[in-house]
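Residues per chain, in single letters:
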Amino acid sequence: MHHVIIGNGIAGVQAAEAIRHLDPESEISMIAAETFPPYCRPMISLLLEGAVTPDRLPIRPGDFYESRSIRAFPGVRVTAIDSGRARLSLDTGETLAYDRLLIATGADPRAIRAEGKTLAGIFSMRTVSDVQKMLDMLSSCRSALVLGGGLVGFKAAYSLLKRGMAVTMLIASGYPLSMQLDPVSGGIIRDTLVRHGLHVETGVEVTAFEGSGRVQRAILNDGRTLACDLVVVGKGVRPATGFLAGSGIDVDLGIRVDEHLQTTISGVFAAGDVAELTDVVRKRPWINAIWPEAAAQGWIAGLNMAGRSASYQGSLGRNVIRMFDLDIMTAGIVQPQEAAGTTQVLTHLDGNGPIYRRFVLQEDRLVGFTLINRIEKGGMLVSLIQRGLPLDPEEKRLLLL
Ligand SMILES: Cc1cc2nc3c(=O)[nH]c(=O)nc-3n(C[C@H](O)[C@H](O)[C@H](O)COP(=O)(O)OP(=O)(O)OC[C@H]3O[C@@H](n4cnc5c(N)ncnc54)[C@H](O)[C@@H]3O)c2cc1C
């Protein structure tokens, strides 16, 4: 049996280990466009910030491939899948046959439409190599522009502020992380960033970048010009499915999979940021592109590839972020209009801490929360969402304490 895994992110790594866990004999090949050994992608912003060095990023020992008898193809990209003949085309010109295949290709940054976007100094922040290139330029940079206030834009802005740069963030909503935060918690985060020097611009877009070879300024759609010598584009990500055209594998929001992480083609599985699963609170197809989901899905996919039937119970978005003196934790649904049926929102704000707690309930069941500081009950709250038990009035009151 030959198992082929595309991608050496956390989903691919976990799948390889699950297969080996059940099956010491079968052949495993791992193909990865990146050459860096498997690493902790969420930590690349710490590399930008200067809090860690590259040797802190790997998530497995240096002999990961050899010790698990995995044939590695680093720096090789899959360009097409022929699911009828069960083989892959590689950008080396070769083909590779498989018996079972896992697609764990993660996500690609969303492109922007702006003239001059290929000038040097304009980056997305997805890979360790993106950050290494930024670091090579950093000493000659004074002012950075961050496009987008999602998780990546937010982390880039925070890291660059900590580097002492002048940072401007362009966001559509009034505060960063608007997909995860309500206006009150978003305002606390924005005000903290602004106090540490962030300049925020809302409701404007870049139409063009200018500079001779390297970016020097951005032209905004209101006619203004912003000086910048480093730009980070954080306009979200989309599942890395570009090479699947003609493969017969069904792609909707991401690659469609069943509860065993199998795609619409038998023997072909998908896991991690590239896969679409049922969200436990929304009860519909969704992509929660987060590390713990990718890890868990990779493991379950690997078990199924190796012949054990294992089911996935659905995915839940959640995150913990530390920023200056704030601990922020969010999970599930934040906007009550997203919850079906009778909804209730409970909040508690102590501005001095600040301490903020906000809970979204649907039919008396917790479906989402936001905590700022005192996040120690977060794990218990996540399991409350996952178990979906109705809460009585006293239990709801306890949430706020
Ligand atoms: C800056 C940043 C901060 C983040 N912060 C957090 C956080 O705080 N918390 C959190 O939970 N999550 C965070 N994430 C998200 C988290 O990193 C992802 O959810 C997780 O890495 C997904 O793992 P994956 O294995 O699905 O994909 P990836 O880690 O993206 O790995 C996919 C691999 O596939 C390879 N690949 C892609 N296409 C091909 C191809 N055609 N051929 C061969 N190889 C290919 C890629 O090179 C890559 O190595 C962050 C992400 C970024 C970028």
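Note that the structure is a prediction, hence the values are computed from the model and not measured.

Participant: Run through the sheet that holds strand E7 (residues 100–103), naming residues and quoting values.
Facilitator: Spatially, E3-E2-E1-E7-E19 is the arrangement adopted by the five strands of the open sheet, whose pairing is parallel. Unpaired on one side and paired on the other, strand E3 (70–74) and strand E19 (268–270) mark the two borders of the sheet. Strand after strand, the sheet turns through a mean of 15 degrees between neighbouring axes, direction not considered. Looking at chain direction, strand E1 (residues 2–6) and E7 are connected through four bridges and run parallel. Each residue of the ladder has a partner; that of His3, found in E7, is Arg100. Where helix H1 (residues 10–22) meets the sheet, its contacts fall on E1, strand E2 (27–32), E3 and E7, and the angle it forms with E2 comes to roughly 175 degrees. Helix H7 (residues 291–305) contacts E1, E7 and E19 of the sheet and is inclined by roughly 170 degrees relative to E7.

Participant: Talk me through the site of the ligand; I want residue IDs and the actual numbers.
Facilitator: In the region of the ligand, 33 residues are neighbours, and Glu34, Arg41, Arg126, Lys155 and Asp273 sit closest. Between an oxygen atom of the ligand and a side-chain N or O atom of Arg41, the distance comes to 2.7 Å. Calculation on the ligand without its partners gives an accessible area of 1000 Å², and the protein chains cover 95% of this total. For the shell around the ligand, the secondary structure elements donating two or more residues are H1, E2, helix H5 (151–162) and H7. Taken together, the residues of the shell around the ligand break down into 20 nonpolar, seven polar and six charged.

Participant: Please give an account of the pairing of E1 that cites residues and values.
Facilitator: In the case of a regular strand, side chains alternate between the two sheet surfaces. Counting buried residues along E1, five of its five residues qualify, which places the element largely inside the surrounding structure. In E1, alternate side chains face the same way, and those of His2, Val4 and Ile6 on one face and His3 and Ile5 on the other are all buried. The pairing of E1 with E2 spans five bridges and is parallel. Among the inter-strand pairings, His2 is bridged to a residue of E2, identified as Glu27. With respect to chirality, the unit in which E1 leads through H1 into the neighbouring parallel E2 is right-handed.

Participant: How would you sum up unusual backbone geometry? Please name residues and give values.
Facilitator: Omega for the peptide link from Gly353 to Pro354 comes to -10 degrees, which places this bond in the cis form. Tracing the backbone through its elements, the reader meets Pro354 in the loop between strand E24 (343–350) and strand E25 (355–362). At Phe324, a residue that is not glycine, the phi angle is positive and equals roughly 45 degrees. We classify Phe324 as buried; its relative accessible area is 18%.

About the criteria used
Residues numbered from 1 in each chain as written. Predicted model: local features only at pLDDT ≥ 70, side-chain atom pairs only at ≥ 80, totals over all residues. Heavy atoms only, no water. Pairing = 2+ DSSP bridges. Helix = DSSP H or I, 4+ residues; strand = E, 2+ residues; numbered from the N terminus. Axes fitted to C-alpha atoms, helices over the stretch in contact; angles between N-to-C directions. Contact = heavy atoms within 4.5 Å. Near = heavy atom within 4 Å. Polar contact = N/O pair within 3.5 Å; in protein donor to acceptor, adjacent residues only side chain to side chain. Areas by Shrake-Rupley, 256 points an atom, 1.4 Å probe, with all protein chains shown as cover. Nonpolar A, V, L, I, M, F, W, Y, C, P; charged D, E, K, R; others polar. Buried < 20%, exposed > 50% of the residue type's maximum accessible area, 1.4 Å probe, protein only. Right-handed = clockwise from strand over helix to strand, strands pointing away.

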